[in-house]
Amino acid sequence: MLNTLSNMDLRLIRVFQAVVEAGGVSAAQGTLNISQSTISNQLAALETRLGYRLCERGRGGFALTAKGKRLLAASRQLSESMELFCREARQLDRQLVGQLRIGVIGHTALGANARLSAAIRRFRARPQAVELILSMLPPGGLEEALLSGGIHLGIGYCWHRAPQLEYRPLFVERQLAYCGRDHPLFPQAGALGPAELAAHDWAWRSYPLPDTGLPVADWRISARADNMEAIAALILSGRHLGFLPEHYATPLAERDLLRALDPARWRYLAEFQLVTRKRGHPNPTLQAFVADLVAAHGEPLAERRT
């Protein structure tokens, strides 16, 4: 009884298929390049392994039994499956597979998001079968997620500079100081000095920031938050001053809900970085996406629309 397939079983099945395709044992000799008696012995060996007769052969001619016909159909399915397996196995050497987890901090500039979309478009054009998982994380969570293995790649600004991680500059975001429409400084916003700012409450980040070069120690910080929505809510309350990315605040400023205190003076730049974990063994999927992301950030916007 046949319970598992050995190399010999596969050889016998191929002999059986060749005999059927040739129309008999004698006709299959040229195809198989073996004697008629050897072919007969191999068919008999296969029938013994299976436990039933596959064909009638002799002076009356060659004819498949009912079970022989069913086995022929099954053997052809087996051959097709094996061919498909071999083809896919060969292709895997050239194909990116698996899962790629990407972490991005929220409310990234539209231009940067467009470049991320362009990188995804480039990546999807490669021979690949990769599941992409994108997560929006707070700035303080990117490095932790990378170190824990929660994500493979992070895009944001970082300050820990963990030795296990590799950092690559990607783009720069401009942050401006704003006040809400109900704030006392709203009518004078546009040219305010240090003295006016020091007399009012500030909303600040609850996580470390890059060196801003601002006199933060002189400001009265009475609220902290870890995301743009919360900082914006504090500023719009009219009771706090605070910094927001210019691209995020512009729609609110256009509705006259907030104003920049002095864009030329009260601002700082946040450098966004592409961060990955240093690896002893290369990850081809990650390497390909990093290459596509870097290439997308080097393209002019007009070219990326085509």
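Counting of residues starts from 1 at the beginning of each chain's written sequence and follows it residue by residue. At least 70 in pLDDT is required for a residue's local features to be given in this predicted model, at least 80 for side-chain atom pairs to be given and counted, and no such filter applies to totals for whole chains, interfaces and linings, which use all residues. To get the side-chain values, take all heavy atoms of the structure and skip hydrogens and water.

Chemist: Is there a simple way to think about the side chain of Q42 in this case?
Modeler: Helix and strand assignments come from DSSP, with helices taken as H or I runs of at least 4 residues and strands as E runs of at least 2, each series counted from the N terminus. Here Q42 shows up in helix α3 (residues 36–50). Think of it in three bands: residues with accessible area under 20% of the maximum for their type are buried, residues over 50% are exposed, and the middle band is partly exposed, with areas taken using a 1.4 Å probe on protein chains only. Residue class for Q42 comes out buried when judged on its relative accessible area of 18%. Once residues within four sequence positions are removed from consideration, Q42 is found in contact with R11, L12, V15 and I34. Note on contacts: a residue pair is in contact if any heavy atoms of the two residues lie within 4.5 Å.

Chemist: Just checking my understanding: could you explain the environment of W266 for this structure?
Modeler: The residue W266 is located in the loop between β10 (258–260) and β11 (267–277) in this model. Distance in space between the C-alpha atoms of W266 and R174 is 11 Å, their sequence separation being 92 residues. Those residues within four positions of W266 in sequence are excluded, and the remaining contacts are Q175, L176, A177, L192, G193, P194, L197, L214, P215, W219, F243 and L261. At 2.7 Å, the side chain of W266 and the backbone oxygen of L192 are in polar contact. In protein, a polar contact means a hydrogen-donor-capable atom and an acceptor-capable atom, both N or O and within 3.5 Å, with residues adjacent in sequence counting only if both atoms are side-chain atoms; elsewhere, any N or O pair within 3.5 Å suffices.

Chemist: Honestly, the packing of aromatic side chains in this entry has me stumped. Any pointers?
Modeler: Aromatic ring pairs: the centre-centre distance and the angle between the two ring planes describe each pair. Aromatic pairing here means that ring centres of Phe, Tyr or Trp (its six-membered ring) are within 6.5 Å. Orientation follows from the plane angle: under 30 degrees is stacked, over 60 is edge-to-face, and everything else is tilted. Under the criterion given, the structure shown has ten aromatic pairs. Where W204 meets F243, the ring centres are 5.7 Å apart and the plane angle is 85°; that geometry is what we call edge-to-face. Pair noted here: W204 is in strand β7 (residues 201–205) and F243 is in strand β9 (residues 242–245), with a separation of 39 residues, a long-range link. Take W204 and F243: they sit in the same class, and that class is buried. Grouping aromatic residues by their ring pairs yields a cluster made of W202, W204, W219, F243, W266 and Y268.

Chemist: Would you mind showing me how to read the confidence of the model for the protein here?
Modeler: Predicted coordinates in areas of low pLDDT are best not read in detail. As a per-residue quantity, pLDDT reports the predictor's confidence and falls between 0 and 100. Averaged over all residues, the pLDDT of the protein equals 86, while 93% of them reach at least 70. Put simply, helix α11 (residues 301–304) is where the protein has its lowest mean pLDDT, 38, and β10 is where it has its highest, 95. Across residues 300–306, where pLDDT falls below 50, the model places seven contacts with residues more than four positions away in sequence or in other chains.

Chemist: For this particular structure, what's the right way to read unusual backbone geometry?
Modeler: Apart from glycine, the bulk of residues carry a negative phi angle, and the bulk of peptide bonds sit in the trans form. Notably, N33 is not glycine yet its phi reads approximately 60°, a positive angle. Assignment of secondary structure puts N33 in the loop between α2 (29–32) and α3. By relative accessible area, N33 is classed as exposed at 68%. With a phi angle near 60°, D256 is a residue other than glycine that sits in the positive phi range. You can see D256 is positioned in the loop between α9 (246–254) and β10.

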